[in-house]
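Here's the letter readout for the chains.
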Amino acid sequence: MELNSEFYFQLEASAGPFYQAMGKIAQSQAEQPPRHPLLQVQSGRAESPAWYLVQAAEFDPEPLSVKTLRVRDIYASPAIAQGILEMLAAERWLDRRGGAYHLTDLGRTVTTELLTRSQSLLAQVDVPAHIDLIRLESLLRSVIDASLGCKTPPGNWCLAHSRNRAPSDEEPVIVRLLHYFSDFNAFRDDAHMAAWQPKEVTGQQWETFAFIISGQANSAESLFEQLSYRGYSVEDYAAALSDLTERRWLLPKGDVYVATEVGVAIHTQVESLTDQYFYAPWLEALNERELAETIELLRVLREEWPS
């Protein structure tokens, strides 16, 4: 299998069986998650109170700020980042001191509560005997370690913060392994941002460009319909489209925008560089046999876990 974006999507999908098994256990036990309505807002998105609370745990004891948050959540508007931080402060989970938001004892209690619930469910997961989690954990840990030692670019800012809340080596292998998928997501962010940021565009402009070139959107209105949670307006997307047109990356055709040959070439270059950055530690940490073994273990995990 080629090490490209498709393999990355399969890598992240390999966490699916764990979450499905945990969900079934919670349902069978009529187990109720902690009741924190705010954590249900925009659930599953980066621009959500739940994800920002996770970031607060990753930074703790250092505070969060709009600036530091947007190093990784670079596609969010400053306004939405500020608003979510203020909501967390209103719950007394964060303590605002000037422009810095410190995790409070109450906030730590909430994050610990969520983590304890997750780990309790994980501990009850019955892993099929033929799925070798111990070997997979060992192989993936070597990749994580190599990624932590990589040079800049791409750097490992996002990965290092993800590892700040990693389970200890004394935790069960299933707990450690599941966190690796969050680590890989973080390092993919490191790799992708390092690939496109030298193009001197903002996060909003790059996402606008990516949505147009992939066919997910073709106008300011359709961009807003799909990305309103980022905190930008239709006018903001119209301005981004105008800038990308001036760069000759996009071309207006009637009421819609399409990518130019220049734009396609730039996008292809960035995607290729993203893969190069992301997979360099894989090739450093694993020999050819180990890489093939890792790919197969991940396939078995995704495809042979009883549904």
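Just so it is clear, the model here is predicted, and its values are computed rather than measured.

Engineer: Go over the packing of helix 11 (residues 220-227) against helix 12 (residues 234-246), please, and point to the residues and values.
Structural biologist: The angle between the axes and the distance between the axes are what describe a pair of packed helices. Direction vectors running N to C along helix 11 and helix 12 enclose 125°, while the axes themselves pass 8 Å from each other. The angle between helix 11 and helix 12 places the two elements in the oblique class. For the pair helix 11 and helix 12, the sense of crossing is right-handed. In contact with A220, E221, L223, F224 and L227 of helix 11, helix 12 contributes V234, Y237, A238 and L241. In terms of residue class, the contact of helix 11 with helix 12 is made up of eight nonpolar, no polar and one charged.

Engineer: Could you give an account of the nonpolar core, with specific residues and numbers?
Structural biologist: Among the nonpolar cores identified, the biggest contains 70 residues, and F18, F181, F184, W206, F278 and W282 are the most heavily contacted of them. Counting residues per element, this core draws most heavily on helix 9 (residues 173-196), which supplies 14 residues. In contact with F181, not counting residues within four places along its chain, are L11, E12, S14, A15, F18, L298 and L301. Formed by 20 residues, the second largest nonpolar core is a distinct cluster that contains A81, I84, A89 and V110.

Engineer: Would you mind going over the side chain of R72 in detail, with residue names and values included?
Structural biologist: Locating R72 in the fold gives a position in helix 4 (residues 66-72). A distance of 2.7 Å separates the side chain of R72 from the side chain of N185, its partner in a polar contact. Ignoring sequence-local partners within four residues, the contact set of R72 consists of W51, Q55, E58, W157, C158, N185, A186, D189 and M193.

Engineer: Explain the side chain of S14 residue by residue, including any values.
Structural biologist: Inspection of the secondary structure assignment puts S14 in the loop between helix 1 (5-13) and helix 2 (16-28). Overall, S14 belongs to the buried group, its relative accessible area being 0%. For S14, the side chain forms a polar contact with the main-chain oxygen of Q10, separated by 2.9 Å. Contacts of S14, omitting those with residues within four sequence positions, involve F181, L298, L301 and R302.

Engineer: I'd love a proper account of the environment of E86, names of residues and values included.
Structural biologist: Mapped onto the secondary structure, E86 falls in helix 5 (residues 78-90). Measuring from C-alpha to C-alpha, the distance between E86 and A50 comes to 13 Å, with 36 residues separating the pair along the chain. Once residues lying within four places of it in the same chain are set aside, the contact partners of E86 are R96 and Y101.

Engineer: Could you give me a rundown of the pattern of salt bridges, with the residues and numbers involved?
Structural biologist: Counted under the stated rule, the structure contains 19 salt bridges. Here E137 makes a salt bridge to R176, at a shortest N to O gap of 3.1 Å. Of this pair, E137 sits in helix 7 (residues 133-148) while R176 sits in helix 9, and the two are 39 residues apart along the sequence. R176 carries the same exposure label as E137, and that label is buried. Residues joined in a network through salt bridges with shared partners are E296, R299, E303 and E304.

Engineer: Explain helix 14 (residues 288-303) residue by residue, including any values.
Structural biologist: For the α-helix, the turn length of 3.6 residues means that residues three or four positions removed from each other point alike. The end-to-end C-alpha separation of helix 14 is 23 Å, in line with the 22 Å expected for 16 residues at 1.5 Å each. Those residues of helix 14 not exposed but buried are E290, L291, T294, I295, L297, L298, V300 and L301. In this structure, the buried side of helix 14 is in contact with helix 1, helix 2, helix 7, helix 9 and helix 13 (261-285). At the N-terminal boundary of helix 14, the capping side chain belongs to N287, with an oxygen 3.1 Å from the backbone nitrogen of R289.

So, how was this worked out
- Residues numbered from 1 in each chain as written.
- Predicted model: local features only at pLDDT ≥ 70, side-chain atom pairs only at ≥ 80, totals over all residues.
- Heavy atoms only, no water.
- Axes fitted to C-alpha atoms, helices over the stretch in contact; angles between N-to-C directions.
- Helix = DSSP H or I, 4+ residues; strand = E, 2+ residues; numbered from the N terminus.
- Parallel < 35°, antiparallel > 145°, perpendicular 65-115°, else oblique.
- Left-handed = near helix turned anticlockwise from the far one by under 90°.
- Contact = heavy atoms within 4.5 Å.
- Nonpolar A, V, L, I, M, F, W, Y, C, P; charged D, E, K, R; others polar.
- Core = buried A, V, L, I, M, F, W, Y, C linked by side-chain atoms within 4.5 Å.
- Buried < 20%, exposed > 50% of the residue type's maximum accessible area, 1.4 Å probe, protein only.
- Polar contact = N/O pair within 3.5 Å; in protein donor to acceptor, adjacent residues only side chain to side chain.
- Salt bridge = Lys/Arg side-chain N within 4 Å of Asp/Glu carboxyl O.
- Expected span 1.5 Å × (residues − 1).

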